[in-house]
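Residue strings, one per chain:
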Amino acid sequence: MKLYLVGGFLGSGKTTAIQKACSELLSNGIKVGVITNDQGDQLVDSGFMKGANVPTLEVTNGCFCCNYDQLDSNLYSLKEENSAEIIFAESVGSCTDLIATIVKPLSQYRPEIEVVVSVFADARVLPTLLQSSRLFADSVSYIYKKQLEEADLLVINKVDLLSPTQLQELKQLVEKKYQHKQILYQNSLDSKSIQNWLRGLLEFELTSKRTSLDIDYEVYGAGEALLAWVDQEIEIFSTESNAVEIGIGLIYRIHAGIKENELSIGHLKFLINTGLAQEKISFTTASVAQTQISTALPETRHLSILINARVQAEPDFLEAIISDAIQETQELSGCTILEQKKNSFQPGFPTPTHRILE
């Protein structure tokens, strides 16, 4: 069995790439499975995968490294119950040190599993990071850079959003910094890019022993603690068939509120579900305020929205921004919005189940 472990910072496009890759493999008769991962327990990514009919299990309430046994159990379940030949495991976007805490323990305890590590980076964010400009606090940027060090395949994603000149400048930066890595430049919405990534995964051969990260866990933990997690499910009820329009307006207001307060967005994700169809909408720190949201969802009087917000802020403050946007949306539209399960927190200090340095 092959395990494709997919890391990279929040908002780098991991989930979209995995979903497209699974669709490609399934169309060729290859059985696949996905394991999603998050610090919380209400995952937009899981709903997105299941909506695409991909067998999906979760590791929740902490990263893979701190929940190794749950990850191992899910690997076994997907292999035995779904006959998965290839499993994608997407680590939470604030997690790093995967070689020491996941890859080497799997090599020791499950040597029959072939593991390849892809690390994704947003092509719009990476130049700023590599040139030491400030997008996040230093300890958060530390996590981002440590993630890149671990890649078997370094996937520079969303290159379609760059001009030819910007892309050429990015390639010069990346290939100077990571000259010994296999590097892919990818648009995960393009089937040829996904096929190229899959070829890279299938053909990857380990030419030297993987090296565990030299990492300062105090800095790592401090970086995670600066990120607020807010997960919330809401329901919108309208007397007219315009619940989708109202939902889009709410999403705009939440994004605008975060940007107006000059907060750095790791990832801001929404899963709109009408009961018959669903659509995922995402923002990152590179998204602009006037981002146009288009949706093919049919109009309806009722829908639900699952919100996953990962932002550099205090949890209470981020929660208040979302609550204010909900209240304003109700007042302007005359709809009723019911707030269901909600959870806001900062990740705890990373405490891996295993950490093998040799």
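Residues numbered from 1 in each chain as written. Predicted model: local features only at pLDDT ≥ 70, side-chain atom pairs only at ≥ 80, totals over all residues. Heavy atoms only, no water.

**Student:** Would you take a moment to explain helix H11 (residues 315-333) for this structure?
**Tutor:** At 3.6 residues per turn, the α-helix brings residues three or four places apart onto the same side. In this model, H11 (19 residues) spans 27 Å end to end at C-alpha, consistent with the 27 Å of a helix rising 1.5 Å per residue. Listing the buried residues of H11 in full gives Pro315, Leu318, Glu319, Ile321, Ile322, Ala325, Ile326 and Thr329. Along the axis of H11, the buried positions cluster into a sector of 155°, meaning they face one direction only. Opposite its buried face, H11 presents the exposed residues Asp316, Asp324, Glu331 and Leu332, each directed more than 90 degrees away. Against strand S8 (227-237), helix H10 (243-260), strand S11 (302-312) and strand S12 (336-345) lie the buried residues of H11. Directly after H11, the chain includes glycine 334, whose backbone phi takes a positive value near 75°. (Helix = DSSP H or I, 4+ residues; strand = E, 2+ residues; numbered from the N terminus. Expected span 1.5 Å × (residues − 1). Buried < 20%, exposed > 50% of the residue type's maximum accessible area, 1.4 Å probe, protein only. Arc of directions from axis to C-beta. Contact = heavy atoms within 4.5 Å.)

**Student:** Is there a simple way to explain the packing of helix H6 (residues 138-149) against helix H9 (residues 217-225) in this structure?
**Tutor:** Helix-helix packing is described using two parameters, namely the angle between the two axes and the distance between the axes. One can describe the packing of H6 onto H9 by two numbers: an axis separation of 7 Å at closest approach and a directional angle of 110°. Judged by the inter-axis angle, H6 sits roughly perpendicular to H9. The hand of the H6/H9 crossing is left-handed. Touching Ser139, Val140, Tyr142 and Ile143 of H6 are Val219, Tyr220, Ala222, Gly223 and Glu224, all from H9. (Axes fitted to C-alpha atoms, helices over the stretch in contact; angles between N-to-C directions. Parallel < 35°, antiparallel > 145°, perpendicular 65-115°, else oblique. Left-handed = near helix turned anticlockwise from the far one by under 90°.)

**Student:** Looking at this structure, I do not really get the sheet that holds S8. What am I missing?
**Tutor:** Whenever strands of a sheet pair, they do so through backbone hydrogen bonds, lying parallel or antiparallel. Taken in spatial order, the five strands line up as S10-S9-S11-S8-S12 in an open sheet, and their pairing is antiparallel. One side of each edge strand has no neighbouring strand; the edge strands of this open sheet are strand S10 (278-283) and S12. On average, each strand axis in the sheet is tilted by 15° relative to the strand beside it, whichever way the strands run. Alignment of S8 against S11, held across 11 bridges, turns out to be antiparallel. By the bridge assignment, phenylalanine 237 is partnered in S11 with histidine 302. Running over the sheet, H10 touches S8, strand S9 (265-273), S10 and S11 and is turned about 170° from S9. (Pairing = 2+ DSSP bridges.)

**Student:** What exactly am I supposed to notice about the pairing of strand S1 (residues 2-8) here?
**Tutor:** Taken residue by residue, a regular strand's side chains alternate between the two faces of the sheet. The element S1 is largely enclosed, with a buried count of six among its seven residues. Of the strand pairs in this sheet, S1 and strand S4 (residues 86-90) are connected by five bridges, and their pairing is parallel. By the bridge assignment, leucine 5 is partnered in S4 with alanine 89. Two strands pair when backbone bridges link them, and S1 and strand S5 (residues 114-122) are joined in this way by seven bridges, in the parallel orientation. When the bridges of S5 are listed, tyrosine 4 appears paired with valine 116.

**Student:** What's the story with the packing of H10 against H11 in this structure? I'm lost.
**Tutor:** In contact at an axis separation of 9 Å, H10 and H11 are set at 140° when each is read in the N-to-C sense. Regarding the angle of H10 to H11, the classification is oblique. Along this stretch, H10 crosses H11, giving a crossing that reads as right-handed. On H11, the residues that touch Ile246, Leu250, Arg253, Ile254, Gly257 and Ile258 of H10 are Leu318, Ile321, Ile322, Ala325, Ile326, Glu328, Thr329, Leu332 and Ser333.

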